[in-house]
Amino acid sequence: MADGYYNSKKTDDICEDVCGQQGSRAALSLSRLRCILHGFDMKALIFLFVVVPLCIFAMYLHGQKISYFLRPIWESPPKPFRAIPHYYHENMSMQNLCKLHGWGIRESPRRVYDAVLFSNEVDILTVRWKELYPYITQFVILESNSTFTGLPKPLVFASNRNKFKFVEPRLTYGMIGGRFKKGENPFVEEAYQRVALDQLLRIAGIEDDDLLIMSDVDEIPSAHTINLLRWCDDIPPVLHLQLKNYLYSFEYYIDNKSWRASVHRYKSGKTRYAHYRQTDILLSDAGWHCSFCFRRISEFTFKMKAYSHYDRVRFSHFLNPQRIQDVICRGTDLFDMLPEEYTFKEIIGKMGPIPRSYSAVHLPAYLLANAEKYKYLLPGNCKRESG
């Protein structure tokens, strides 16, 4: 210990001597640097040059995860919806169903318009329109030659229009050219297309008090929900639809928190096509939301690059076809993100793979009637085609 004290003392004396010397400017600077370095503890140096850079790198890799996990600290949950209980049985009369909801019944049903922005979801659009077909007055669809992110895209619906001959007499189709503005927020392009859809609805002949379904292609209201709303009187002017939330197929049931789909009693000059919260009223158990429910891996990669949340593709390996296939079969997140929830309990509860569901009860009738053709959407069939 004495030797250690002697060496330390000797070094300190040397530093004082060196720092006190009046030499050249270069020698003085070097001496001062040696004195400063001597004052640093080795652990501090390791922390500064090893631990800190590693932390910065970890923040770069997992910054979004950290942000989502800490969301309950910096963001409060939205105001709860006022849920309307949903009553239905196939053997009940429409008069009794309307009465159970506290509504009267009309002498004749309202006309119904189903309006969607279309990208490349041919199979899901088929399932949607087959489900809703008996009750829709006019199918209105708008397609662009660009994605929300400004990438050129083919007119997929136009090239597959022959597959939708069953709706042709009731179809209003529109095409809009993209603006292709690089670097612009994708939600600006999305809003631009929704305004164009408003104009297309007027061309389709929508009138006051007609029902208008506002939802993405993969947000599918059940047929009996739309039939109920078109027959019942005194329904709210706007109500959101609570949909069962699925990912990749109807095998991976997430929750029942999908709410963006809505139904409006159309009013000229006031009704605007939108995809955000427009009322506090929510009709329970009103259909299905099947997100990223594609047949082919190439369709997954296209949507990942094309839709408004493209910033979630942080690394090129996210688009690797084998990785995407593995993610689908594991039931994990394509973008390696944490659940978008507002409490730590819900975030932790939903972390990890989505539990598999082996129930195919109460799914769209056309899907079950054509189970072999659409087996990739049903439990036990996670493998996708490549092309």
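See the structure printed just above.
Below is a summary of the structure that appears in this document. What you are looking at is a predicted structure, and each value in this text was computed from that prediction instead of being measured.

Cut-off values and rules
Residues numbered from 1 in each chain as written. Predicted model: local features only at pLDDT ≥ 70, side-chain atom pairs only at ≥ 80, totals over all residues. Heavy atoms only, no water. Disulfide = S-S within 2.5 Å. Buried < 20%, exposed > 50% of the residue type's maximum accessible area, 1.4 Å probe, protein only. Pairing = 2+ DSSP bridges. Helix = DSSP H or I, 4+ residues; strand = E, 2+ residues; numbered from the N terminus. Expected span 1.5 Å × (residues − 1). Contact = heavy atoms within 4.5 Å. Phe/Tyr/Trp six-rings, centres within 6.5 Å; stacked < 30°, edge-to-face > 60°. Lys NZ or Arg CZ within 6 Å of the ring centre and 35° of its normal. Core = buried A, V, L, I, M, F, W, Y, C linked by side-chain atoms within 4.5 Å. Axes fitted to C-alpha atoms, helices over the stretch in contact; angles between N-to-C directions. Salt bridge = Lys/Arg side-chain N within 4 Å of Asp/Glu carboxyl O.

**Quick look at the state of the cysteines**
Taken as a whole, this structure holds three disulfides when the rule is applied. One disulfide in the model links C290 with C293; its S-S distance is 1.8 Å. Residues C290 and C293 share a disulfide whose torsion about the S-S bond is about -80°; that sign makes it left-handed. Accessibility classification places C290 together with C293 in one group, the buried group. Here C329 connects covalently by a disulfide to C382, the sulfurs 2.1 Å from one another.

**A word on the pairing of strand 12 (residues 262-265)**
Here strand 6 (residues 211-214) pairs with strand 12 via four bridges, running antiparallel. Among the inter-strand pairings, L211 is bridged to a residue of strand 12, identified as R265. Pairing between strand 9 (residues 238-241) and strand 12: three bridges, direction antiparallel. Paired with H240 across the strands is S262, a residue of strand 12.

**Details of helix 8 (residues 186-204)**
Given a rise of 1.5 Å per residue, 19 residues ought to cover 27 Å, and the 27 Å separating the end C-alpha atoms of helix 8 matches this to within 8%. Contacts made by the buried residues of helix 8 are with strand 3 (112-118), strand 4 (138-144), strand 5 (171-176) and strand 6.

**Quick notes on the side chain of D123**
Position of D123 relative to the elements: it lies in helix 6 (residues 122-132). Non-local contacts of D123, meaning those with residues more than four positions away in its chain, are made with R295, Y374 and Y376.

**As for the packing of aromatic side chains**
All chains considered together, the criterion is met by 19 aromatic pairs. Pairing W129 with F157 gives two aromatic rings, centres 6.0 Å apart and planes at 75°, and the pair type is edge-to-face. Highlighted residues: W129 in helix 6 and F157 in helix 7 (residues 156-159), separated in sequence by 28 residues. Residue classification places W129 among the buried positions, given a relative accessible area of 0%. Through pairs of rings, three or more aromatic residues link up here, namely F118, W129, Y133, F139, F157, F164, F166 and Y173. Here the guanidinium or amino end of K130 rests over the ring plane of F166, the centre of that ring lying 4.0 Å away. The side chain of K303 reaches across the aromatic face of F292, ending 4.6 Å from its centre.

**Quick word on the nonpolar core**
Core analysis: the biggest nonpolar cluster contains 51 residues, and L125 and W129 have the highest contact counts within it. Element by element, the count of residues in this core is highest for helix 6, at six residues. If we skip the residues at most four places from it in the chain, W129 touches D114, F139, I141, F157, F164, F166, V167 and L171. In this structure, Y252, F292, I297 and C329 belong to the second largest nonpolar core, which totals 18 residues.

**Considering the sheet that holds strand 11 (residues 253-258)**
What the four strands build is an open sheet, ordered 7-14-10-11; its pairing is mixed. Both outer strands of the open sheet, strand 7 (219-221) and strand 11, are each paired with one neighbouring strand and no more. Mean inter-strand twist for the sheet, computed between neighbouring axes without regard to direction, equals 25°. When strand 7 meets strand 14 (residues 287-291), the two strands line up antiparallel, connected through three bridges. Of the residues in strand 14, the one forming a bridge with E219 is H289.

**Describing the pattern of salt bridges**
Across all of its chains, the model carries 24 salt bridges by this definition. For R295, the salt bridge identified is with D123, shortest N-O distance 2.9 Å. Pair noted here: R295 is in the loop between strand 14 and helix 10 (297-306) and D123 is in helix 6, with a separation of 172 residues, a long-range link. The class for R295 is buried, based on a relative accessible area of 14%. Judged by relative accessible area, which is 18%, D123 ranks as buried. R194 serves as the salt-bridge partner of E190, at 2.7 Å between the closest nitrogen and oxygen. With E190 and R194 both in helix 8 and four residues apart, the pair spans about one turn of that helix. On the basis of relative accessible area, R194 is assigned to the buried category, the value being 7%. Within this structure, R106, R110, D209, D233 and R265 form a network of salt bridges that share partners.

**As for helix 10**
A large share of helix 10 lies buried, amounting to seven of its ten residues. Those residues of helix 10 that sit buried are I297, E299, F300, T301, K303, M304 and A306. Tucked inside the fold, the buried residues of helix 10 contact strand 14 and helix 11 (321-330).

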